[in-house]
Amino acid sequence: MNILIITAHPEADSFNSYLASEAARIFEIQGSLVHSVNLYSENFEPREGKNFYTDRQDLERFDTLREQRHHWNAHKLSKDVMRHIELLKNSDLLLLHFPFWWFGMPAILKGWMDRVFVYGGIYDSSHRHENGVMKGKRALLTVSAGASANACAYNGRDGDMRLMLWPAIHALHYIGYTMLEPYLIHGVRGGLDGLAKQKQQQFLKQKVKDFESRLTNINEWPIIPFNREEDFNDDKTLKPQAPEYSPFVRHNPDNWKADPGSLQCG
């Protein structure tokens, strides 16, 4: 199995980065081919812009999707983007490791999606969702947060972390990935000392062991369900009889009654 691990953390010695290295070690022990990328170490440029497109179809107005498709077809995308596209296409499993910043992913990772998920190459009108280019591949988010599990729960003061990861989860599913339930680690923060630091280290050590055990049995990892094309009308609205899997795609906002246990982020 080919594994691609993308890390988006500016500190190479962070817990997040350590967990990514442990994931690589586990898969290598199993005989997988692992390729690890740290977006910060590579100084990846996350800002999409006209400067990356040397053979513009429209010099007056920059249309991102038009230029992405044109440069993909002409084999003229920038070298860094093409490298990442090839890494994605050649991997069976994608792991994204990142800290939960301001209720979402770091800007560099969002920018990576903006530039690498190119229109025409990674998706188009006939290759999306369960029919996406990455169909048959799996993806897993491993995310650390400084707040406690209680604060990040469905009824927590900081809001449901699992639900707030929807943009990243949905983006990956949109291009065809089968999404595994994210692995969330809470209480990962600095500034602790004494007994509090000891407790944190014990907790994180246990989380590493749990993570390694679950990676060893990756085929048993729970999969996130999504509605399929047949669940929607021609106008792309959910059919009355179709199931609901999240509050983001539902029949009526007033009738959403999710099972709280299924929304906890622990």
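## As for helix α1 (residues 15-29)
Note: α-helices contain 3.6 residues per turn, so residues at a spacing of three or four share the same orientation. The end-to-end C-alpha separation of α1 is 21 Å, in line with the 21 Å expected for 15 residues at 1.5 Å each. Along α1, the positions that sit buried rather than exposed are Phe-15, Asn-16, Ser-17, Leu-19, Ala-20, Glu-22, Ala-23, Ala-24, Ile-26 and Phe-27. Following α1 by one or two positions, Gly-31 has its phi on the positive side, about 95°.

## Quick word on the pattern of salt bridges
Overall, the coordinates contain 13 salt bridges when judged by the stated rule. Between Asp-58 and Arg-66 there is a salt bridge whose closest N-O contact spans 4.0 Å. You can call Asp-58 partly exposed: its relative accessible area is 22%. Taking the shortest distance from any N to any O, the salt bridge between Arg-228 and Glu-230 comes out at 3.5 Å. Arg-228 sits in the partly exposed class, given a relative accessible area of 44%. Linked by salt bridges that have partners in common, Glu-22, Arg-25 and Glu-212 make up one network.

## What to know about the nonpolar core
Note on soluble globular proteins: their nonpolar side chains tend to be buried together. One finds Leu-96, Trp-112 and Leu-172 to be the most contacted residues of the largest nonpolar core, which totals 47 residues. Elements that contribute at least two residues to this core include exactly β1 (2-7), α3 (79-89), β3 (93-99), α4 (107-116), β4 (138-144) and α6 (166-174). In this view, Trp-112 contacts Ile-6, Leu-39, Phe-44, Pro-46, His-84, Leu-88, Leu-96 and Phe-117; residues no more than four positions away in its chain are not counted. The next biggest cluster of nonpolar side chains, apart from the first, holds 22 residues, and it includes Leu-19, Val-34, Leu-140 and Tyr-183.

## Some thoughts on the environment of Thr-64
With respect to the secondary-structure elements, Thr-64 resides in helix α2 (residues 64-73). On the basis of relative accessible area, Thr-64 is assigned to the partly exposed category, the value being 28%. Separated by 55 residues in the primary sequence, Thr-64 and Tyr-119 have C-alpha atoms spaced 8.7 Å apart.

## Focus: α2
Burial in α2 covers these residues: Glu-67, Gln-68, His-70, His-71 and Trp-72. In this fold, the buried residues of α2 make contact with α3 and α4. A distance of 3.3 Å separates the backbone nitrogen of Leu-65 from a side-chain oxygen at the start of α2, and that oxygen is part of Asp-63. Directly after α2, the chain includes His-75, whose backbone phi takes a positive value near 60°.

## With respect to the packing of aromatic side chains
Between two aromatic rings, the relevant description is the distance of the centres plus the angle of the planes. Taken as a whole, this structure holds 10 aromatic pairs when the rule is applied. Aromatic side chains Tyr-53 and Phe-62 sit 5.7 Å apart centroid to centroid with 40° between the ring planes, which places their arrangement in the tilted category. Residue classification places Tyr-53 among the buried residues on the basis of a relative accessible area of 6%. Relative to Tyr-123, the ring of Tyr-119 lies with its centre 5.3 Å away and its plane at 55°, an arrangement referred to as tilted. Residue Tyr-119 shares its accessibility class with Tyr-123, and that shared class is buried. Taken together, Phe-100, Trp-102 and Phe-103 form an aromatic cluster joined through their ring pairs. Positioned above the aromatic ring of Phe-52, the side-chain terminus of Arg-115 is 3.6 Å from the ring centre.

## Here's the deal with the confidence of the model for the protein chain
Looking at the protein chain, pLDDT values average 89 and 93% of them are 70 or higher. At the low end of the mean pLDDT range in the protein chain sits helix α8 (residues 260-263), at 42; at the high end sits β1, at 97.

## Regarding unusual backbone geometry
In the Ramachandran plot, Phe-103 falls in the positive-phi region, its phi being about 65° despite a non-glycine side chain. With respect to the secondary-structure elements, Phe-103 resides in the loop between β3 and α4. The partly exposed category is assigned to Phe-103, whose relative accessible area is 42%. Unlike most non-glycine residues, His-129 shows phi in positive territory, near 55°. Relative to the elements of secondary structure, His-129 occurs in the loop between α4 and β4.

About the cut-offs
Residues numbered from 1 in each chain as written. Predicted model: local features only at pLDDT ≥ 70, side-chain atom pairs only at ≥ 80, totals over all residues. Heavy atoms only, no water. Helix = DSSP H or I, 4+ residues; strand = E, 2+ residues; numbered from the N terminus. Expected span 1.5 Å × (residues − 1). Buried < 20%, exposed > 50% of the residue type's maximum accessible area, 1.4 Å probe, protein only. Salt bridge = Lys/Arg side-chain N within 4 Å of Asp/Glu carboxyl O. Core = buried A, V, L, I, M, F, W, Y, C linked by side-chain atoms within 4.5 Å. Contact = heavy atoms within 4.5 Å. Polar contact = N/O pair within 3.5 Å; in protein donor to acceptor, adjacent residues only side chain to side chain. Phe/Tyr/Trp six-rings, centres within 6.5 Å; stacked < 30°, edge-to-face > 60°. Lys NZ or Arg CZ within 6 Å of the ring centre and 35° of its normal. pLDDT = per-residue confidence, 0-100.

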